[in-house]
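Architecture at a glance
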Amino acid sequence: MSRSAVARARLGRTRYPDIPSVDQLHLAEAAPAPLRPQLKPSPGLASPLIEEARKLNVHPDFKYLSDLQLKNTHQDHEYWKQEFARVSAGNNLEERRAVLKKYIECAYEPEPVFAPADTELVKPKWTLTHPNSSTRDAFAYIESHWGLLVKSSVSESGGSLIQNQYPFLIPAGRFRESYYWDTCFGVDGLLASGRCELARMQADNLLENIRRFGFIPNGSRDYYLSRSQVPLSASMIRKIVEASHLEYSNSNDTAGSSRLLRWVRERAVPLLEREFLDFWSDSTTRFDAATGLHHHWDELNIKRPERFSADIEDHLGASFRDVRASAESGLDFTDICRGKSGKNESSQFASVLLNAVLCGFIRDLAWLAGFAKMESKQKTFLALQEQRCTALNKYLWDDVGGAYRHYHLKDKTQSEGLCFTTYAPLYARACTPAQAARVVEAARVLESNGGICASTLRESSHQWDGPNGWAPAQMLAVEGLLNYGYVDDARRIAEKWISTLSAVHSDHQQFFERVDVDTRALPSEGYDKYPVQEGFLWTNASFVWMLSTVMAKQFEPIDLAAENG
């Protein structure tokens, strides 16, 4: 099946029409925007000439090409189309590239800038009292930048954007749409900063994706409709339900409490159950019935249209499906999943992160079922949790090294090297206290001056290896340590990360997608890495979450701070 056919099939149906839509039942207090029909794949998927533009490297970032829309008026369209046909008959590559670039500029345009979110949702609310001025300044930057990270779908788009009916979180930089696991980490920042209504909107958006497509796509673009991303939805929704329940109870909001209970029972639990059973537990795609383990996959085995132009996909995986599976894992790219081929074999590895997160997924789903007094469902989910945790600890636990490692399903071997995902079973509460203690010791090799390294593979050129420091790595490690009572270790890592981000912000007046935790500065650029992105949603969220949850810092309302000043 072609990528256009996959997108057309997903866009043209609703996977679970019998479950209430977001229009019929939503947790957010505000009503959702109407859903607009979106039946055709975007030009970035369907246009042969845009594909030719990728082959000729007309633009340095193919994601730009993938997000173009057809212009309403294009006076010289036919002229440049004929010119390209003429020069294509010859062998002058530079002439072909120049003419095709003119044609693309004539016929297509970037999609409209997204509409900003409601000011009340994103306006600065808090100030931080802290002895370090750089930390105070970094916090003020984050508070002032929520408006740049929350967008609304424009009224019409002929590009690749999949509509969200509520305002959505974007990572920033080249990532101008919502992403699955980025959104879930971003919600930690929203809840830590008292933005519960905006968090509820993210839950409604993600659940509607499951209802429409049967899963939550990697991101809200039609070229992501063949894969998902790290499944943190149940964990995120549990946190939102807990925060909303507390909010409604404290304010005696009986209508809110009633809506919450109905939403969990009729919408959240049924849709999350379908995501777990129908998508992640499908033995023809992402579930290995022989071991009870999950692995990443993609419906397509062709090059990603949104790739960065420097990505040589033949080198990035044993197959294009392996490259896409790496993208679904969120860890694109790392040498941890190198197989006997000498290349990345992500579609063959049962990864620690995926299997641990799915143990947590079904545990949180059982909690939600208990919250909604769905005792039979809760019992079923708890049994599934036990099965998944048993498989995780049977195949992914390295008893000699005292750590968790990926498991190659075909070769029946564990991965070499150690990456931050060894903390994931602690994060998901999927291991024993004795195993947690051994992980804490084994993972000390990952800790550096500014936080947790991506992996021990320091010779690797990939961005999810070596001293690259990512917010998800810090948050998984810190929350995992807290889950098992290692408070001092959690606080030490949090203090390092907060200090590093404060220093980077002091030097550059911005936050970034990742940093170098050895140098406590921006990472070096090089082979197989797109440029480090500015913004940045999960980095900002990790900073706020660690200050609030780990370091127990109190934020002061801006209005009150002004009065006291």
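The notes below deal with the structure included here. What you are looking at is a predicted structure, and each value in this text was computed from that prediction instead of being measured.

**Regarding the overall build of the chain**
- Along its length, the chain carries 22 helices and 20 strands.
- Relative to its length of 565 residues, the chain is compact, with a C-alpha radius of gyration of 23 Å against a globular reference of 24 Å.
- Dimensions of the chain along its principal axes, counting C-alpha atoms only, are 70 × 55 × 55 Å.
- Within the chain, buried positions represent 61% of all 565 residues.
- In the chain, 73% of the contacts between residues at least 6 apart in sequence involve partners at least 24 apart.
- When the accessible surface of the chain is split by element, carbon and sulfur atoms take 51% of a total near 21700 Å².
- Counting 65 positive and 72 negative side-chain charges, the chain places the centres of these two groups 3 Å from one another.

**Comments concerning the packing of helix 10 (residues 196-213) against helix 12 (residues 254-280)**
- Between helix 10 and helix 12, the least distance of the axes is 9 Å, while the angle of their chain directions is 55°. On the basis of the axis angle, helix 10 is oblique to helix 12. With respect to the hand of their crossing, helix 10 and helix 12 are arranged in left-handed fashion. Residues Ala203, Asp204, Leu207, Glu208, Ile210 and Arg211 of helix 10 lie in contact with helix 12, whose contacting residues are Trp263, Arg267, Ala268, Leu271, Leu272 and Glu275.
- In terms of residue class, the contact of helix 10 with helix 12 is built from 7 nonpolar, no polar and 5 charged.

**Let's talk about the sheet that holds strand 6 (residues 168-169)**
- Pairing in this open sheet of 3 strands is antiparallel, and the strands run 3-5-6 from one edge to the other. Looking along the sheet, the strands with just one partner apiece sit at the ends: strand 3 (115-116) and strand 6.

**Quick notes on the packing of aromatic side chains**
- Under the defined criterion, the tally for this structure stands at 22 aromatic pairs.
- With a centroid separation of 5.1 Å and an interplanar angle of 50°, the aromatic rings of Tyr395 and Tyr407 are classed as tilted. Placement of the pair is Tyr395 in helix 16 (residues 375-395) and Tyr407 in strand 12 (residues 407-408), with a sequence separation of 12 residues. Both residues of the pair, Tyr395 and Tyr407, belong to the buried class.
- Taking the centre distance of 5.5 Å and the plane angle of 85° together, the rings of Phe511 and Phe543 count as edge-to-face.

**Description of the sheet that holds strand 9 (residues 349-350)**
- A sheet is described by the order of its strands in space; here 3 strands give the open sequence 9-12-13, paired in antiparallel fashion. Edge positions in the sheet fall to strand 9 and strand 13 (413-414), since each of these pairs with one other strand and no more.
- In terms of strand pairing, strand 12 meets strand 13 through 2 bridges, oriented antiparallel. Bridge pairing in strand 13 places His408 opposite Thr413.

**Thoughts on the pattern of salt bridges**
- In total, this model carries 45 salt bridges according to the counting rule given.
- Note that Arg174 is salt-bridged to Asp61, the shortest N-O span being 2.7 Å. One end of the pair, Arg174, is in the loop between strand 6 and helix 9 (180-192); the other, Asp61, is in the loop between helix 3 (48-55) and helix 4 (62-66), and 113 residues separate them in sequence. Across the pair, Asp61 and Arg174 agree in class, each one buried.
- The salt bridge involving Glu313 is made with Arg304; its shortest N-O contact spans 2.6 Å.
- The exposure class of Glu313 is buried, given its relative accessible area of 2%.
- Through salt bridges with shared partners, one network takes in Lys63, Asp67, Glu111, Arg176, Glu177 and Arg221.

**A look at the packing of helix 20 (residues 487-508) against helix 21 (residues 537-550)**
- The N-to-C vectors of helix 20 and helix 21 enclose an angle of 135°; their axes lie 10 Å apart at closest approach. Put simply, helix 20 runs oblique to helix 21. Helix 21 is crossed by helix 20, and the crossing has left-handed handedness. Touching Ala490, Arg491, Ala494, Trp497, Ile498, Leu501 and Ser502 of helix 20 are Thr539, Ser542, Phe543, Met546, Leu547 and Val550, all from helix 21.
- When its residues are assigned to classes, the contact of helix 20 with helix 21 shows 9 nonpolar, 3 polar and 1 charged.

**Let's talk about the nonpolar core**
- Among the nonpolar cores identified, the biggest contains 147 residues, and Trp181, Ile237, Trp263, Val264, Leu272, Phe543 and Met546 are the most heavily contacted of them.
- Counting residues per element, this core draws most heavily on helix 15 (residues 352-371), at 14 residues.
- Setting aside residues up to four positions removed in sequence, Leu272 forms contacts with Leu207, Ile210, Ser233, Ala234, Ile237, Phe361, Leu365 and Leu368.
- With 18 residues, the next largest nonpolar core counts Leu49, Leu65, Leu68 and Leu100 among its residues.

**Digging into the state of the cysteines**
- For the structure shown, the criterion picks out 0 disulfides.
- Among the cysteines around Cys419, which has no disulfide bond, Cys337 carries the closest sulfur, lying 7.5 Å off.
- Of all cysteine sulfurs in the structure, the one in Cys389 sits closest to Cys431, which takes part in no disulfide; the separation is 9.1 Å.

**Quick notes on the side chain of Arg212**
- Looking at the secondary structure, you find Arg212 in helix 10.
- Although Arg212 is buried, it forms no salt bridge, and the closest oppositely charged side chain is Glu208 at an N-O distance of 5.7 Å.
- When residues no more than four places from it in sequence are discounted, the contact partners of Arg212 are Arg10, Arg13, Thr14, Arg15, Leu35, Gln38, Ile162 and Gln163.

Calculation criteria
Chains are numbered independently. Their residues run from 1 in the order of the written sequence. Reporting in this predicted model follows two pLDDT cut-offs: at least 70 for local features of residues, and 80 or more for side-chain atom pairs to be given and counted; totals over whole chains, interfaces and linings ignore these cut-offs and use all residues. As a rule here, side-chain values cover all heavy atoms of the structure and leave hydrogens and water aside. For helices the rule is a DSSP run of H or I covering at least 4 residues; for strands it is a run of E covering at least 2, with both sets numbered from the N terminus onward. For a compact globule the rule gives 2.2 Å times the number of residues to the power 0.38, and the radius of gyration it is set against comes from C-alpha atoms. Burial here depends on accessible area, computed with a 1.4 Å probe over protein chains only, as a share of the maximum for the residue type. Under 20% is buried, over 50% is exposed, and the range in between is partly exposed. It only takes one pair of heavy atoms within 4.5 Å for two residues to be counted as in contact. Computed with the Shrake-Rupley method and a 1.4 Å probe, the accessible areas treat only the protein chains shown as cover for residues. Residues scored as charged are limited to Lys and Arg (positive) and Asp and Glu (negative), so that His and the chain ends carry no count. Charge coordinates come from a single atom per side chain, which is NZ of Lys, CZ of Arg, CG of Asp or CD of Glu. Axes here refer to lines fitted to C-alpha atoms; in helices the fit is confined to the stretch in contact. Angles between the N-to-C directions go from 0 to 180 degrees. Each angle receives one of four descriptions, namely roughly parallel if under 35 degrees, roughly antiparallel if over 145, roughly perpendicular if within 65 to 115, and oblique otherwise. By definition, any crossing whose near helix is turned counterclockwise from its far helix by less than a right angle is left-handed, and any crossing with a clockwise turn is right-handed. Residues are grouped as follows: Ala, Val, Leu, Ile, Met, Phe, Trp, Tyr, Cys and Pro are nonpolar; Asp, Glu, Lys and Arg are charged; all remaining types, including Gly, are polar. For two strands to count as paired, DSSP must find a minimum of two bridges between them. Stacked, tilted and edge-to-face pairs are distinguished by plane angle, under 30 degrees for stacked and over 60 for edge-to-face with tilted covering the rest, among Phe, Tyr and Trp rings (Trp via its six-membered ring) whose centres lie within 6.5 Å. What counts as a salt bridge is simple: a side-chain nitrogen of Lys or Arg found within 4 Å of a carboxyl oxygen of Asp or Glu. Joining through side-chain atoms within 4.5 Å is the link that ties buried Ala, Val, Leu, Ile, Met, Phe, Trp, Tyr and Cys residues into a set, and such a set is a nonpolar core. Cysteine sulfur atoms are paired as a disulfide whenever they fall within 2.5 Å.

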